[in-house]
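Coordinate inspection notes
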Amino acid sequence: MNHFWSIWATVGTIVFFALMVLIVIKYWRSNYKADKDRVLDTFDGIDENDGPPPKLLFVSYFIAFAISFGYLILYPGVGNWKGLVGYDQAKDKLSSPTTTLEQEFTGLTDDSLLALAAEPAIVNSGRILFQTHCAACHMDNGQGAKHFPNLVDNEWLYGGSDEAIIHSIELGRNGAMPGWVDVLRPDEISKISYYLASLNQRHTDVPDINVQLGKALFIQNCASCHGDGSISDIEKGVPNLTDDIWLHGGSIKEIQHTIRAGLNNVMPAFGQQLTKDEIRAIGAYITKERVDNDSRLSSLHADSVERGEYLAHAGDCVACHSAEGGEPFAGGLPFVTPFGTLYSTNITPHVIDGIGSYDYQDFRAALVDGKGKQGYLYPAMPFTSYQYVDEEDLRDLWEYMQSITPVARKNDPNKMMFPANIRLGLLGWDLVFADRTPLDYQVPKELKAKVDDVEKWQLGKYWVAGLGHCSECHTPRDFAQALENDNIFQGNLIDGWNAPNITATELYIDGWDIQSLTDFLHTGHSSKGTAFAGMADVIKNSLSLMTRDDIESMSYYLLTGDTHNLLDEAAVQLKPTGFNDVAYSKEIYATYNQTCGACHGEDGKGRDPIAPTLLNNGIIMHSDPFNTIAVTIRGLQPTYIDKDRNFMPMASFEDVLSDARLAELITFVRAYLGAREEVITANDVKEVREMLEKAGYSGGLHVTPDMYDERDGNINVN
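Residues numbered from 1 in each chain as written. Predicted model: local features only at pLDDT ≥ 70, side-chain atom pairs only at ≥ 80, totals over all residues. Heavy atoms only, no water.

This paragraph deals with the nonpolar core. Here is a general trend for soluble globular proteins: nonpolar side chains tend to be buried in one another's company. Counting 59 residues, the largest nonpolar core has L367, W463, M546, M554 and L558 as the members making the most contacts within it. The set of elements that each furnish at least two residues to this core consists of helix 12 (302-314), helix 14 (360-369), helix 15 (383-386), helix 16 (391-403), helix 18 (454-465), helix 21 (514-523), helix 22 (533-541) and helix 23 (548-560). With six residues, the single largest contributor to this core is helix 23. Counting residues domain by domain, this core receives three or more from each of domain 3 (303-433) and domain 4 (442-460 + 467-571). Residues in contact with M554, not counting those within four places in the same chain, are G460, W463, V464, C470, L543 and M546. By size, the runner-up hydrophobic cluster in this structure holds 34 residues, among which are W497, F653, L673 and Y697. (Core = buried A, V, L, I, M, F, W, Y, C linked by side-chain atoms within 4.5 Å. Buried < 20%, exposed > 50% of the residue type's maximum accessible area, 1.4 Å probe, protein only. Helix = DSSP H or I, 4+ residues; strand = E, 2+ residues; numbered from the N terminus. Domains from an automatic or database assignment. Contact = heavy atoms within 4.5 Å.)

Laid out in structure tokens, this is it:
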């Protein structure tokens, strides 16, 4: 600062300081004149009195003035005055680096980015430059965001060589894809999106023919750039579509949006803003982050990752932590509760949007204790079951979750009512309602004579009680949504379906055995019918990916029973007769033949690959007729678990049969094909129908896959 400006700043500072002191002294000396009983003015009927300021206010001012005066003597603050302590800002390492980039690069013989990544000073300079120029799009740690690529992995659209990276920073990139909205029909775009999802081995609830048609459309319209989708072209920036990296969002809807609208992505050029040394420093920082990320991934144990993947399947993590048609593990699935709607979270290793900032203890606390880094978790997260997972399996699961591709998808905000939206209150829920009793693997004395394979029973209990978390759906919940463990496996309503009673007694009465139950759980198909709705998703994403031995152990445990789930000695197994001469002679049989017989057969034994058997069907034989009624009202879409064994869609009979006629038909079918003698009334059907209609779960002759998405998500029908 030159002499003139130094004098100007000095005079201005001293005059301003003196004025402030004089003003405070003036008001201090006139303070005694204030009259608290004198009214100065009235506003909206409220009097403003001439009350004196408290003495503490003036004391505080004088203390502040004394500190300020001392600071101006000791430190710079008045013109060119250096202060008695001789402080020099140049000594501040944060504000003035000791070296320049030019000095840091001097003497280096190897200027490759890998070599520069080993130079801490250059990497630190690159980090600062990256935060200034790049982090707004690529995030602070370079992991990227939607539309902006991850820079710390090894998947680079234009190549990850030194030359390609420097080119991208210096000259920028411009990636364009035309929109196809005026070329392809909406149904054609949908089919292409299903094909692209299939390249990632993603499950989509569509028939295989749609995938094949989508492939043909893709080859016809997209192959000139993408080939069959499995190749990348770094010259053009064309991505490989068979991996699980989706820069512009990988949900079915996002893929369809990209096809419709096209893309015009621009990476700005920084060649005019940054020097060559600065550009190479940024490249060095990115390379250092890539090396560290590679090192982290290589430190994961291959066997643990493989085992962890199996455990993730067993826990069905992908089903809850993926939105309908969304990217795996990226969250967004809604859970409608009596207290509002929850959304599952992103559990990919993305540091900003996922759980990339977690360490093992954080991960364990969330899974076992229900305590996330952002607060306590709602019991929709089955931590009350995952607490039974042993330590070795928890660590293997953690290793796998670190190995998956990070997805830049922000979590949806929950919509919970007060006070359920206060996370701290969930600690109280845990203390009052969560059962933290350790799992007892001792066979109950009542079952010792019936359990001939203790190890199999114990293994089954481990899967069912822990990662399988079967009780979370099949057990009733109390007013606080806590599991009623004394009534374990006795059934519960979820999403307008009954997660049925699967106690040992119910399974025995309904005629399930090891073979049929294991077939059902492992494939979704059995001699006692097929899985549908939520159970089909569990089998598709979880149980079908486990070994048959593990599934058989689960069946063995469920059929044998346990504490609070003992087989009733008085239980009698049902033996349906099937349709006999008496049944065929009944007037209601004609209604059955007209509405059901074409698919399920005139005898009710099913027709492959049209429809499953109704004779001995587990749902028809079940003590609770809810699902039988709901199926006739809602209809069913194929499960697409196994493309070679999918049944045809089932029509809804809501607009075909009256409540009374439907009740008569269900009673007839349950009596002859399920050996259930209870009469279903028109009122029973009406209650179920009105509940399903209220939430939008019913809808005419054929119920479409959009039914779930378009229903009123704020209505809890459970």
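So, about the UniProt feature "transmembrane region" (unreviewed entry) in the protein chain. According to UniProt, the "transmembrane region" (unreviewed entry) feature falls on residues 6-28 and 56-75. Taken end to end, residues 6-28 is 100% helix and 0% strand, and its first and last C-alpha atoms sit 33 Å apart. For residues 56-75, helix accounts for 95% and strand for 0%, while the C-alpha atoms at its two ends are 28 Å apart. (UniProt positions renumbered as here; feature names shortened; annotations may be inferred.)

Here the focus is the side chain of R290. Following the sequence through the fold, R290 ends up in helix 11 (residues 276-298). Buried within the structure, R290 lacks any salt-bridge partner; its nearest side chain of opposite charge belongs to D294, at an N-O separation of 5.9 Å. (Lys, Arg positive; Asp, Glu negative; His and termini not counted. Salt bridge = Lys/Arg side-chain N within 4 Å of Asp/Glu carboxyl O.)

Moving on, we come to the packing of aromatic side chains. What the rule picks out here adds up to 27 aromatic pairs. Centroid distance F579 to F668: 5.2 Å. Interplanar angle 15°. Geometry classified as stacked. Linking F579 in the loop between helix 23 and helix 24 (581-585) with F668 in helix 28 (residues 659-673), this pair joins segments that are 89 residues apart in sequence. By the burial criterion, F579 is buried, and F668 matches it. Relative to Y672, the ring of F579 lies with its centre 6.4 Å away and its plane at 55°, an arrangement referred to as tilted. Note that F579 is positioned in the loop between helix 23 and helix 24 and Y672 in helix 28, a separation of 93 residues in sequence. Three or more aromatic residues joined by ring pairs form one cluster here, namely F17, W28, F58, Y61, F62 and F65. The ring centre of Y27 lies 4.8 Å from the NZ or CZ of K26, which sits over that ring. (Phe/Tyr/Trp six-rings, centres within 6.5 Å; stacked < 30°, edge-to-face > 60°. Lys NZ or Arg CZ within 6 Å of the ring centre and 35° of its normal.)

The step from F418 to P419 runs through a cis peptide bond, and the omega angle for that step is 0°. Considering the arrangement of structural elements, one finds P419 in the loop between strand 9 (415-416) and helix 17 (425-433). In this model, D608 is joined to P609 through a cis peptide bond whose omega is -10°. Note on placement: P609 falls in the loop between helix 25 (587-600) and helix 26 (618-621). A positive phi angle is found at H147, which is not glycine, with a value near 80°.

Further remarks concern the pairing of strand 2 (residues 46-49). Strand residues, when the strand is regular, have side chains that alternate between the two faces of the sheet. Both strand 1 (residues 39-43) and strand 2 contribute to a ladder of four bridges, which runs antiparallel. Bridge pairing in strand 2 links D41 to E48. Where strand 1 folds back on strand 2, the antiparallel hairpin that results is connected by two residues, among which D44 adopts a positive phi of roughly 55°. (Pairing = 2+ DSSP bridges.)

Direction vectors running N to C along helix 14 and helix 16 enclose 115°, while the axes themselves pass 10 Å from each other. One finds that helix 14 runs roughly perpendicular with respect to helix 16. When you trace helix 14 past helix 16, the crossing you get is right-handed. Contact residues: helix 14 offers Y360, Q361, F363, R364, L367 and V368, while helix 16 offers E391, L394, R395, L397, W398 and M401. A class-by-class count of the residues in the contact of helix 14 with helix 16 yields eight nonpolar, one polar and three charged. (Axes fitted to C-alpha atoms, helices over the stretch in contact; angles between N-to-C directions. Parallel < 35°, antiparallel > 145°, perpendicular 65-115°, else oblique. Left-handed = near helix turned anticlockwise from the far one by under 90°. Nonpolar A, V, L, I, M, F, W, Y, C, P; charged D, E, K, R; others polar.)

On to the UniProt feature "domain: Cytochrome c" (unreviewed entry) in the protein chain, then. UniProt's feature table lists "domain: Cytochrome c" (unreviewed entry) at residues 121-200, 209-290, 303-405 and 580-673, given in the numbering used throughout. Helix makes up 52% of residues 209-290 and strand 6%, and the two end C-alpha atoms of the span are 41 Å apart. Helix makes up 50% of residues 580-673 and strand 0%. Its end C-alpha atoms lie 10 Å apart.

As a further point, take the pattern of salt bridges. The tally for this structure, following the rule as stated, stands at 24 salt bridges. When the shortest N-O distance is used, the salt bridge between E254 and K146 registers 2.7 Å. In this pair, E254 is assigned in helix 10 (residues 252-261) and K146 in the loop between helix 6 (135-138) and helix 7 (162-171), connecting sequence segments 108 residues apart. A salt bridge links E587 to R661; the shortest N-O distance between them is 2.5 Å. You can see E587 sitting in helix 25 and its partner R661 sitting in helix 28, a full 74 residues away along the chain. For E587, a relative accessible area of 52% puts it in the exposed group. The structure contains a network of salt bridges with shared partners spanning R185, D187, E188 and K191.

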